[in-house]
Amino acid sequence: MTVLARNKKASFNYFLEDGTEAGLVLLGSEVKALRARTCSLVDAFVCYEKGRMVLRNAHIPAPTGTHTKAHEPRRDRPILLKEREIRKFLGLIQREGVTLAVTEIYASKKWIKVKVCVARGKKKHDKRAAIKEREWGREKQRVLADKLR
């Protein structure tokens with residue numbers, strides 16, 4: 001399994017709860033761009049549309065060296081989930097403050113998959129606490145490294 005793109009902002013902006021992996025319907029030029037690791041998942045999310053789940057706002061630019069009309073970079077891409085999983089996610093996202101966030105796109109030998117997690121938004125004070133904890137961990141590592149010298 002090779003990670004092609006990771007959404008680092010999702011873990012900062014949301015409390016990530018249970019998730020699942022799902023297939024992704026892509027065009028050939030999109031697969032080529034993903035294998036070149038040019039994807040951005042910063043604003044990406046999953047929504048329900050016409051009986052299926054759809055990945056929105058994932059930016060997959062056209063690969064260099066191809067014709068200009070390869071694909072639209074921010075088009076909606078269907079996600080392959082079983083009906084049972086779609087119903088489960090629909091029940092969860094109908095609650096207030098809950099959304100579906102994409103945390104990773106990765107490749108197995110033959111398939112491109114996405115990891116979809118149920119995400120609950122963080123408040124400003126939660127984000128400040130996360131920053132404070134991260135900085136404290138860095139400072140602790142510096143102190144330990146200085147003592148070992």
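First, a word on what this report is: a plain description of the structure on this page. As the structure is a prediction and not an experimental result, all values here were calculated from the model. (Residues numbered from 1 in each chain as written. Predicted model: local features only at pLDDT ≥ 70, side-chain atom pairs only at ≥ 80, totals over all residues. Heavy atoms only, no water.)

Thoughts on the state of the cysteines
Between two cysteines, a covalent bond joining their sulfur atoms is known as a disulfide.
Here is step 1: In this structure the tally under the stated criterion is 0 disulfides.
Here is step 2: As a non-bridged cysteine, Cys39 has Cys117 as the owner of its nearest cysteine sulfur, 16 Å distant.
Here is step 3: Classification of Cys39 as buried rests on a relative accessible area of 14%.
Here is step 4: Its sulfur unpaired, Cys47 is 16 Å from the next cysteine sulfur, which belongs to Cys39.
Here is step 5: Given a relative accessible area of 14%, Cys47 falls into the buried group. (Disulfide = S-S within 2.5 Å. Buried < 20%, exposed > 50% of the residue type's maximum accessible area, 1.4 Å probe, protein only.)

Thoughts on the side chain of Arg75
Here is step 1: With respect to the helices and strands, Arg75 occurs in the loop between strand 4 (52-56) and strand 5 (77-80).
Here is step 2: At 2.8 Å, the side chain of Arg75 and the side chain of Glu30 are in polar contact.
Here is step 3: Excluding residues that lie within four positions of it along the chain, Arg75 makes contacts with Val25, Leu26, Leu27, Glu30 and Leu55. (Helix = DSSP H or I, 4+ residues; strand = E, 2+ residues; numbered from the N terminus. Polar contact = N/O pair within 3.5 Å; in protein donor to acceptor, adjacent residues only side chain to side chain. Contact = heavy atoms within 4.5 Å.)

Remarks on the pairing of strand 5
Here is step 1: Relative to strand 5, strand 2 (residues 14-24) runs antiparallel, the two sharing 2 bridges. The partner of Gly23 across the bridge, within strand 5, is Leu80.
Here is step 2: Examined bridge by bridge, strand 4 and strand 5 share 3 bridges and lie antiparallel to one another. Note on strand 5: the bridge partner recorded for Val54 is Pro78. (Pairing = 2+ DSSP bridges.)

Brief notes about the pattern of salt bridges
Here is step 1: For the structure on display, the rule yields 8 salt bridges.
Here is step 2: When the shortest N-O distance is used, the salt bridge between Glu17 and Arg120 registers 3.0 Å. Taken as a pair, Glu17 in strand 2 and Arg120 in strand 7 (residues 112-121) lie far apart in primary sequence, 103 residues in all.
Here is step 3: Arg120 gets classed as partly exposed once you look at its relative accessible area, which sits at 29%.
Here is step 4: Note that Arg56 and Asp76 form a salt bridge whose closest N and O atoms lie 3.1 Å from each other. (Salt bridge = Lys/Arg side-chain N within 4 Å of Asp/Glu carboxyl O.)

Regarding the side chain of Thr103
Here is step 1: Mapped onto the fold, Thr103 is located in strand 6 (residues 98-107).
Here is step 2: Not counting residues up to four positions away in its chain, the partners in contact with Thr103 are Ala5, Arg6, Asn7, Ala10, Leu16, Leu41, Lys115 and Cys117.

Description of the packing of aromatic side chains
Here is step 1: The full count for this structure, using the stated rule, is 0 aromatic pairs.
Here is step 2: The ring of Phe89 is capped by Lys88, whose NZ or CZ atom sits 5.2 Å from the centre of that ring. (Phe/Tyr/Trp six-rings, centres within 6.5 Å; stacked < 30°, edge-to-face > 60°. Lys NZ or Arg CZ within 6 Å of the ring centre and 35° of its normal.)

Section: the pairing of strand 6
Here is step 1: Judged by how many residues are buried, strand 6 sits mostly within the fold: 9 of 10 residues are covered.
Here is step 2: Two elements, strand 1 (residues 2-6) and strand 6, share 4 bridges in a ladder whose sense is antiparallel. The partner of Thr2 across the bridge, within strand 6, is Ala107.
Here is step 3: Bridge analysis of strand 3 (residues 45-49) against strand 6 gives 2 bridges, and the strand direction is antiparallel. In the strand pairing of strand 6, Phe45 is matched with Ala101.
Here is step 4: Summarising the sheet, strand 6 and strand 7 pair through 9 bridges and their orientation is antiparallel.

Thoughts on unusual backbone geometry
A negative phi angle characterises most non-glycine residues, just as the trans form characterises most peptide bonds.
Here is step 1: Despite not being glycine, Lys50 shows a phi value in the positive range, around 55°.
Here is step 2: Within the secondary structure, Lys50 sits in the loop between strand 3 and strand 4.
Here is step 3: Even without a glycine there, the phi angle at Asn57 is positive, about 65°.
Here is step 4: Residue position: Asn57 is located in the loop between strand 4 and strand 5.

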